[in-house]
Amino acid sequence: WATNYHLPEIIDGAGDIPLRDANGEELGPKLTLADWCKSALEGSVRVIFNDGNIETYNYHTTTEFFPNDCSPFYTFNLGKTKFRKARGPFGDGVGNYQLAPYRTIATDPSVIATGSVIYIPEARGVIINLPSGQAIVHDGYFFAGDVGGAIKVNHIDVFIGTHTDSPFFPWIGNMKAKTFKAFMVKDPEIIETLTRLHLK
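**Student:** Help me out: how do you make sense of the packing of aromatic side chains in this one?
**Tutor:** The geometry of an aromatic ring pair is captured by two quantities: the separation of the ring centres and the angle between the planes. Applying the stated criterion across every chain, the model contains 11 aromatic pairs. By way of ring pairs, the aromatic residues Tyr102, Phe142, Phe168, Phe169, Trp171 and Phe180 are connected into one cluster. Over the face of the ring belonging to Phe66 we find Arg20, whose NZ or CZ atom lies 3.7 Å from the ring centre. Sitting above the plane of the Phe90 ring, Arg46 keeps its charged end 4.9 Å from the centroid.

What follows is the structure, given as structure tokens:
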């Protein structure tokens with residue numbers, strides 16, 4: 001069964017809560033508490049600055065200092081999250097992998113190992129309309145390039161870029177009872193292609 005996660009896009013200076021690094025130093029952007037907590041939940045945030053510059057920041061670690069209270073928005077304990085600048089334009093997954101919209105999935109590595117490729121027949125042939133206006137046809141292949149604390153056993157989390165929901169993939173049902181078929185891919189050429197995509 002599947003859920004999805006995305007990259008929030010936030011205007012710098014919308015609030016007064018700073019993104020901080022592992023040492024507690026301010027990274028520059030300041031968000032509202034709601035947007036800060038959303039960024040902590042999703043694991044990354046794209047910040048649009050007043051001068052037109054755009055930077056992506058990623059979850060880095062948690063520390064005790066400068067906590068924020070996200071309890072008005074989520075039951076998860078997110079307030080100790082610290083960030084860093086991301087390597088990839090859409091944020092970073094686990095290890096050296098960068099996130100790729102509609103390609104990266106977060107998995108439980110004990111079930112679907114990081115670096116694996118899975119094939120989901122229901123995704124093949126689906127037309128995805130990107131924010132740029134470009135339309136792509138999905139081939140059904142996904143790369144296990146991320147992990148998540150709530151992702152256990154046969155649950156995957158599909159990264160959908162800056163979209164906030166995924167009307168293109170109705171098999172993402174957000175409930176354990178809504179399952180679908182997926183297959184482990186063994187073809188080395190397909191695995192190599194998707195690995196390269198995530199190492200740019």
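**Student:** Looking at this model, I keep getting lost on the pattern of salt bridges. Mind explaining?
**Tutor:** Between side chains of opposite charge, a pair can form when the charged atoms approach closely. Taken as a whole and judged by the stated rule, the model has eight salt bridges. The salt bridge involving Glu192 is made with Arg196; its shortest N-O contact spans 3.1 Å. Of this pair, Glu192 and Arg196 both sit in helix α2 (residues 188-198), four residues apart, which is roughly one turn of the helix. Among the residues examined, Arg196 registers a relative accessible area of 48% and is labelled partly exposed. Linked through salt bridges whose partners overlap, the residues forming this network are Arg84, Arg87 and Asp92.

**Student:** Honestly, the sheet that holds strand β9 (residues 117-119) in this entry has me stumped. Any pointers?
**Tutor:** Where strands meet in a sheet, backbone hydrogen bonds hold them as pairs that are either parallel or antiparallel. Reading across the sheet, the six strands line up as β1-β13-β8-β12-β9-β14 and stay open at both edges, with mixed pairing between neighbours. Where the open sheet ends on each side, the last strands, each with one partner, are β1 (2-5) and β14 (183-184). In the sheet, β9 pairs with β14 via two bridges, with the strands oriented antiparallel. When the sheet's bridge partners are listed, Tyr119 is paired in β14 with Phe183. Across the sheet, α2 lies against β8 (104-106), β9 and β12 (141-146), angled at about 50 degrees from β12, the strand it touches most.

**Student:** Looking at this structure, I do not really get the sheet that holds strand β6 (residues 54-62). What am I missing?
**Tutor:** Pairing within the open sheet is mixed, and its four strands lie in the order β2-β5-β6-β7. Each end of this open sheet is capped by a strand with a single partner; those strands are β2 (9-11) and β7 (81-85). Direction aside, neighbouring strands of the sheet carry axes that sit 40 degrees apart on average. Examined bridge by bridge, β2 and strand β5 (residues 44-48) share three bridges and lie parallel to one another. Opposite Glu9, over in β5, you have Arg46 as the bridge partner. Here helix α1 (residues 33-42) sits on the sheet in contact with β2, β5 and β7, set at roughly 80 degrees to β7.

**Student:** What is the right way to look at the nonpolar core in this model?
**Tutor:** Most often, soluble globular proteins keep nonpolar side chains buried together rather than apart. Residues Ile120, Phe142, Ile156, Val158, Phe169 and Trp171 are the most contacted members of the largest nonpolar core, which totals 19 residues. Listed by contribution, the elements that provide at least two residues to this core are β12 and β13 (156-159). Excluding its chain neighbours within four sequence positions, the residues that come into contact with Val158 are Ala2, Thr3, Asn4, Tyr5, Thr104, Ile105, Phe142, Trp171 and Ile172. One finds Ile10, Cys37, Val45 and Val47 within the second-largest nonpolar core, a separate group that totals 14 residues.

Cut-offs applied
- Residues numbered from 1 in each chain as written.
- Predicted model: local features only at pLDDT ≥ 70, side-chain atom pairs only at ≥ 80, totals over all residues.
- Heavy atoms only, no water.
- Phe/Tyr/Trp six-rings, centres within 6.5 Å; stacked < 30°, edge-to-face > 60°.
- Lys NZ or Arg CZ within 6 Å of the ring centre and 35° of its normal.
- Salt bridge = Lys/Arg side-chain N within 4 Å of Asp/Glu carboxyl O.
- Helix = DSSP H or I, 4+ residues; strand = E, 2+ residues; numbered from the N terminus.
- Buried < 20%, exposed > 50% of the residue type's maximum accessible area, 1.4 Å probe, protein only.
- Pairing = 2+ DSSP bridges.
- Contact = heavy atoms within 4.5 Å.
- Axes fitted to C-alpha atoms, helices over the stretch in contact; angles between N-to-C directions.
- Core = buried A, V, L, I, M, F, W, Y, C linked by side-chain atoms within 4.5 Å.

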